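Chain and residue survey
Take a look at the letters that make up each chain.
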Amino acid sequence: IWVLEEPTQTYVMSFSFGGTSDLTLPCGQYTIKWYDQITGGALQNGSITTISGGGSPSVGSPPSGNSKDWIALITNDFSTSITPINAGCNGDDGVAILSISGGISPYQYLWSNGDTTQNATGLTIGDHHVTVTDFAGCSVFGSVYISQKAEVNINEAVSICDNKSYYVGGDSQK
């Protein structure tokens with residue numbers, strides 16, 4: 001058996017000639033899918049489909065017993081996704097909207113600017129990071145880059161609902 005890992009997120013185990021194994025995992029909830037490296041195809045469910053970390057849980061058996069070479073993909077279900085709202089002209093009013101998947105609520109948040117709310121506000125241009133800790137004490141990390149909104153230059157007539165023309169910048173022609 002061999003194991004490749006991206007610590008706390010993804011583990012890949014190869015079971016040459018079948019077998020089962022235990023794997024020491026950090027805290028979190030994990031999904032297990034199996035891949036038949038002989039015949040290929042889609043990922044499949046084995047005897048166990050989810051496990052909890054924080055110890056050495058069994059990953060179970062592949063879908064068709066111990067007769068083939070299987071690869072187990074073990075993925076942590078606790079993750080973050082951050083949507084930036086870029087800063088305006090002053091460069092200090094950016095917003096980061098945080099989405100969380102998995103873990104056990106309630107969550108605690110700590111942003112690199114000191115915010116402790118789910119969404120960070122008043123962000124300046126640059127990189128910002130967040131640590132999210134769930135009720136079980138498991139943590140995931142996320143980052144986002146806030147840039148400045150593009151400057152808008154209007155130098156022509158603009159029609160605003162009342163069909164009147166307004167000129168911003170430049171000389172008026174009407």
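What counts and how
Residues numbered from 1 in each chain as written. Predicted model: local features only at pLDDT ≥ 70, side-chain atom pairs only at ≥ 80, totals over all residues. Heavy atoms only, no water. Helix = DSSP H or I, 4+ residues; strand = E, 2+ residues; numbered from the N terminus. Contact = heavy atoms within 4.5 Å. Areas by Shrake-Rupley, 256 points an atom, 1.4 Å probe, with all protein chains shown as cover. Phe/Tyr/Trp six-rings, centres within 6.5 Å; stacked < 30°, edge-to-face > 60°. Pairing = 2+ DSSP bridges. Axes fitted to C-alpha atoms, helices over the stretch in contact; angles between N-to-C directions. Core = buried A, V, L, I, M, F, W, Y, C linked by side-chain atoms within 4.5 Å. Buried < 20%, exposed > 50% of the residue type's maximum accessible area, 1.4 Å probe, protein only.

1. Points about the overall build of the protein chain
A count of helices and strands for the protein chain gives zero helices and 13 strands. Overall, the protein chain shows an N-to-C arrangement of helices and strands of β-β-β-β-β-β-β-β-β-β-β-β-β. A sequence separation of at least 24 residues applies to 52% of the contacts in the protein chain between residues at least 6 apart. Roughly 10200 Å² of accessible area belongs to the protein chain as shown, and the carbon and sulfur atoms make up 51% of that amount.

2. Focus on the packing of aromatic side chains
Tallied over the entire structure, the rule returns one aromatic pair. A ring pair is formed by Phe78 and Tyr107, whose centres lie 6.0 Å apart and whose planes are at 25 degrees; its orientation type is stacked. Of this pair, Phe78 sits in the loop between strand E5 (70–76) and strand E6 (79–85) while Tyr107 sits in the loop between strand E7 (94–101) and strand E8 (108–111), and the two are 29 residues apart along the sequence.

3. With respect to the sheet that holds E8
Pairing is antiparallel in the open sheet, where three strands are placed in the order E8-E10-E11. Across the chains shown, the open sheet's two edge strands, defined by having one partner strand only, are E8 and strand E11 (139–146). Geometrically, the sheet is characterised by an average inter-axis angle of 20 degrees between neighbouring strands, direction not taken into account. As judged from the eight bridges shared by strand E10 (residues 126–133) and E11, these two strands associate in the antiparallel manner.

4. Thoughts on the nonpolar core
Counting residues in each nonpolar core, the largest one holds 15 residues, and the members touching the most others are Ile82, Ala96, Leu98, Trp111, Val130 and Val132. Counting residues per element, the ones that place at least two in this core are E7, E8, strand E9 (120–123), E10 and E11. Considering each element in turn, this core owes the most residues, three residues, to E11. Here Val130 is in contact with Ile82, Leu98, Leu110, Trp111, Val140, Phe141 and Gly142, once residues within four sequence places are set aside. The next biggest cluster of nonpolar side chains, apart from the first, holds 12 residues, and it includes Tyr11, Leu23, Tyr30 and Trp34.

5. Points about the pairing of E11
The alternating pattern of E11 places Val140, Gly142, Val144 and Ile146 on a buried face and Ser139, Phe141, Ser143 and Tyr145 on a face that is not buried. Following E10, the chain reverses through five residues before pairing antiparallel with E11; Gly137 in that reversal takes a positive phi of roughly 90 degrees.

6. Re the side chain of His128
Within the secondary structure, His128 is located in strand E10. Overall, His128 belongs to the buried group, its relative accessible area being 7%. Sequence-distant contacts of His128, defined by excluding residues within four places in its chain, comprise Ser112, Leu123, Gly142, Ser143, Val144 and Ile146.

7. Thoughts on the sheet that holds E7
The strand order E6-E7-E9 describes an open sheet built from three strands, whose pairing is antiparallel. Of all strands in the sheet, those with a lone pairing partner are E6 and E9, marking the two edges. Strand-to-strand twist in this sheet, taken as the mean axis angle between neighbours without regard to direction, amounts to 25 degrees.

8. Structural notes on the environment of Gly60
Along the chain, Gly60 turns up in the loop between strand E4 (50–52) and E5. Once the C-alpha coordinates of Gly60 and Ile48 are considered, the two residues, 12 residues apart in sequence, prove to be 5.2 Å apart.

9. A few points about the environment of Gly122
Secondary-structure assignment places Gly122 in strand E9. Its relative accessible area of 43% is what places Gly122 among the partly exposed residues. On a C-alpha basis, the gap between Gly122 and Ala87 in space is 8.4 Å, while along the polypeptide they are 35 residues apart.

10. Details of the environment of Ser58
Looking at the element boundaries, Ser58 is found in the loop between E4 and E5. Sequence separation of Ser58 and Ile48 is 10 residues, and the distance between their C-alpha atoms is 8.4 Å.

11. Observations concerning unusual backbone geometry
Between Ser105 and Pro106 the backbone carries a cis peptide bond, its omega angle lying at 5 degrees. With respect to the secondary-structure elements, Pro106 resides in the loop between E7 and E8.

The values reported here are purely geometric and, on their own, carry no functional implication.
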